[in-house]
Protein chains: 2
Amino acid sequence: MTTDRTDAAAVAEATTPESGIADPIPEATLARLPIYMRGLLEVAGDGVTTVSSRRLADLSGVNAAKVRKDLSYVGTRGTRGVGYEVDRLIREIGMVLSGEVTPVVIIGVGNLGRALSRYDGFVAGGFPVLALVDADSSMVGRRIAGVIVSHVDDLGKVVAETGCLLGIVATPAHAAQVAVDGLIAAGIRSILNFAPAVVSVPAEVELRKVDLATELQILGYHEHRREAANPQQVA
Amino acid sequence: MTTDRTDAAAVAEATTPESGIADPIPEATLARLPIYMRGLLEVAGDGVTTVSSRRLADLSGVNAAKVRKDLSYVGTRGTRGVGYEVDRLIREIGMVLSGEVTPVVIIGVGNLGRALSRYDGFVAGGFPVLALVDADSSMVGRRIAGVIVSHVDDLGKVVAETGCLLGIVATPAHAAQVAVDGLIAAGIRSILNFAPAVVSVPAEVELRKVDLATELQILGYHEHRREAANPQQVA
DNA sequence: AAGCGATTGTGCACGCATTCACATGCATGG
DNA sequence: CCATGCATGTGAATGCGTGCACAATCGCTT
């Protein structure tokens, strides 16, 4: 797989046939694939074998054309006049988004960290939480969701042992940057940050952010906006 | 992502003078305002009285031009050659995003719901969790983060009593639609959904979504991509 | 009083994402 | 074996968000 490491490699993988690396799936599409997957698994459970883009769109709450364009990126082709084969779609999408099980480490076992470590959706989605670390020594040794909490100083060791590839930061804001640096030092290059803080990472590290307070604030904005517009109406 | 904005109304109120309702702040800008706010509060704590767009940009991890354009939406004007007045910016941004305290109700007190109800960031951001409900009778009556859990059947009553304007759905996927319908029936028109399910709401209801599993899947995709490209290198 | 350095405010162009609209092509029925 | 209907795949138009680049403008210094 890919022995030519020239700068032309990037160009070459545009429409690589089957040489290994291939697709540059748009971020927006990527974010919808898991949604499609859920819908597909649902109809598959009902014994349905084919779906139209229209049907899948309804299940996912999006536009039918968008579904088709999205699916065109994953490579699967549907059958005109019929639709897409459910089983195959599930297989192909599943292959695109981390086909196998990808273990996760969580830094910070406060309220949020504990909840995340017990969140069923992660393991169900193929992301078992295999490691927990915290800076608080009184937490170390505790067992949460079947996993023993280690000290953050042992992060490198724990990550190496469990083979975690993804890191979740669930620390207070002031500890976020340190936590991220630690993850990177431990070899993690994909990080999901729940701490309400701006952290900086080297370019080769993928950092995504979930900001709970911000979500509420955006909702609050719209809510106040509506209140200002309408007089009032207690349901 | 998430959030469907039908700008039918937004167009009409384009540049209302001061008739009450006014600004149509872009969604992207809105999402950054809380970040700016954090940076501003930080420098304000250090006694700084003015910031340049450059400085604020560095603190927020964004582009300076973006900061200026964003701030132009909130109305505040800076002083050329000097920068923006910190105190005023804090006040103005604070006014834009739900100037006052906005109470929140959480449906579902499983792992996630409990964690959210104890999350300090909410109350710190002006979103105290004043009500908790669950469908499980064994949960009803329990006290979590100082709030007694009520039964979901009493949702309307609880919402009315506490004056909650925002709803958070933290139920399992299969209960999400019912939960959302309940919130709407109770008069809530701004909802944050953590359940991994597609739910439908009437047009006048604002629905945002936080999909934890999807976030990991996107990270997983990029991680696998990198692995496929590079040979391997255990730090 | 006037110039100078600094920083804002914004016009413009580019790129990504969404959506429409339609030709292409497959499967089924007569 | 051909016609017909239905759903795919995609070209093209539109809109939003981003970031550059620069003129306008302010405070400060001389």
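This is a predicted model, so every value here is computed, not measured. (Residues numbered from 1 in each chain as written. Chains lettered and ligands numbered in written order. Predicted model: local features only at pLDDT ≥ 70, side-chain atom pairs only at ≥ 80, totals over all residues. Heavy atoms only, no water.)

Caption draft 1: Spotlight on the environment of Ile168 of chain B. If you trace the backbone, Ile168 of chain B turns up in strand S7 (residues 166-169). Discounting chain neighbours no more than four positions away, the residues touching Ile168 of chain B are Leu216 of chain A together with Val104, Val105, Ile106, Ile107, Leu116, Phe122, Leu192 and Phe194 of chain B. (Helix = DSSP H or I, 4+ residues; strand = E, 2+ residues; numbered from the N terminus. Contact = heavy atoms within 4.5 Å.)

Caption draft 2: View of the confidence of the model for chain A. For chain A, the average pLDDT comes to 89, and 89% of its residues sit at 70 or higher. This stretch, residues 1-19 of chain A, has a pLDDT under 50; its non-local contacts, to residues over four places away or in other chains, come to 12 contacts. (pLDDT = per-residue confidence, 0-100.)

Caption draft 3: The arrangement of the protein's contact with DNA strand C in detail. Around DNA strand C, 25 residues are found, and the nearest of them are Arg80 of chain A together with Ser53, Arg68, Gly78 and Tyr84 of chain B. Of everything in DNA strand C that lies within 4 Å of the protein, sugar and phosphate atoms constitute 67%. Arg68 of chain A is positioned such that a nitrogen or oxygen atom in its side chain is 3.3 Å from a base nitrogen of DNA strand C. For DNA strand C, a phosphate oxygen lies 2.6 Å from a polar atom in the side chain of Ser53 of chain B. Among the secondary structure elements, those contributing two or more residues to the surface near DNA strand C are helix H2 (27-45) and helix H4 (64-74) of chain A together with helix H4 (64-74) of chain B. At 4 residues, the largest contribution of residues to the surface near DNA strand C is made by H4 of chain A. For the surface near DNA strand C, a count of residues per class yields 6 nonpolar, 9 polar and 10 charged. (Near = heavy atom within 4 Å. Polar contact = N/O pair within 3.5 Å; in protein donor to acceptor, adjacent residues only side chain to side chain. Nonpolar A, V, L, I, M, F, W, Y, C, P; charged D, E, K, R; others polar.)

Caption draft 4: Molecular detail of the sheet that holds strand S8 (residues 190-193) of chain A. Residue and element names in this part refer to chain A. Reading across from one edge, S5-S6-S4-S3-S7-S8-S9 is the order of the 7 strands in this open sheet, with mixed pairing throughout. Either end of the sheet is taken by a strand with one partner, and the two such strands are strand S5 (143-144) and strand S9 (206-209). Where S5 lies against strand S6 (residues 147-151), 2 bridges are found, and the strand directions are antiparallel. Note on S6: the bridge partner recorded for Arg143 is Ile148. The strands touched by helix H9 (residues 176-185) within the sheet are strand S3 (104-107), strand S7 (166-169) and S8, with S7 carrying the most contacts at an inclination of about 170°. (Pairing = 2+ DSSP bridges. Axes fitted to C-alpha atoms, helices over the stretch in contact; angles between N-to-C directions.)

Caption draft 5: Main features of the packing of aromatic side chains. Residue and element names in this part refer to chain A. One pass over the structure, following the stated rule, counts 2 aromatic pairs over all chains. Taken together, a centroid distance of 5.0 Å and an interplanar angle of 90° make the contact between Tyr119 and Phe122 edge-to-face. For Tyr119, a relative accessible area of 14% puts it in the buried group. (Phe/Tyr/Trp six-rings, centres within 6.5 Å; stacked < 30°, edge-to-face > 60°. Buried < 20%, exposed > 50% of the residue type's maximum accessible area, 1.4 Å probe, protein only.)

Caption draft 6: The arrangement of the interface of chain A and chain B in detail. The interface is formed by 73 residues belonging to chain A together with 74 residues belonging to chain B. Of the roughly 6,600 Å² buried at the junction of chain A and chain B (both faces included), carbon and sulfur atoms supply 63%. Put simply, Arg38 of chain B and Asp211 of chain A hold a salt bridge, and the shortest N to O gap is 2.6 Å. Mapped by element, the contributors of at least two residues to the side of chain A that touches chain B are H2, helix H3 (53-60), helix H6 (111-118), helix H7 (120-124), S7, S8, S9 and helix H10 (212-229) of chain A. With 18 residues, the single largest contributor to the side of chain A that touches chain B is H10 of chain A. For the side of chain A that touches chain B, the per-class residue count stands at 39 nonpolar, 17 polar and 17 charged. (Buried area = accessible area lost by both parts, 1.4 Å probe. Salt bridge = Lys/Arg side-chain N within 4 Å of Asp/Glu carboxyl O.)

Caption draft 7: Main features of the side chain of Glu215 of chain A. Among the structural elements, Glu215 of chain A can be located in helix H10. On the basis of relative accessibility, which here comes to 16%, the residue Glu215 of chain A falls in the buried class. Within polar-contact distance, the side chain of Glu215 of chain A engages the side chain of Arg208 of chain B at 2.7 Å. For Glu215 of chain A, the residues in contact, after removing those within four places along its chain, are Leu192, Arg208 and Val210 of chain B.

Caption draft 8: Quick look at the pattern of salt bridges. All chains considered together, the criterion is met by 14 salt bridges over all chains. Arg226 of chain B is paired through a salt bridge with Glu223 of chain B; the nearest N and O atoms lie 2.8 Å apart. With Arg226 of chain B and Glu223 of chain B both in helix H10 (residues 212-229) and 3 residues apart, the pair spans about one turn of that helix. Across the pair, exposure class does not vary: Arg226 of chain B and Glu223 of chain B are buried alike. Connected through shared salt-bridge partners, Glu27 and Arg208 of chain A together with Glu215 of chain B make up one network.

Caption draft 9: Here's a closer look at unusual backbone geometry. If you check the backbone angles, Ala145 of chain A has positive phi at about 50° while not being a glycine. Mapping Ala145 of chain A onto the fold places it in the loop between S5 and S6.

Caption draft 10: Geometry of the packing of H2 of chain A against helix H5 (residues 86-96) of chain A. Residues and elements named next belong to chain A. Two elements in contact, H2 and H5, have axes whose closest approach is 10 Å; the angle formed by their N-to-C orientations is 145°. Handedness of the H2/H5 crossing: left-handed. Across the interface between the two elements, Leu33, Tyr36, Met37, Leu40, Leu41, Val43 and Ala44 from H2 touch Val86, Leu89, Ile90, Ile93, Gly94 and Val96 from H5. Residues of the contact of H2 with H5, tallied by class, amount to 12 nonpolar, 1 polar and no charged. (Left-handed = near helix turned anticlockwise from the far one by under 90°.)

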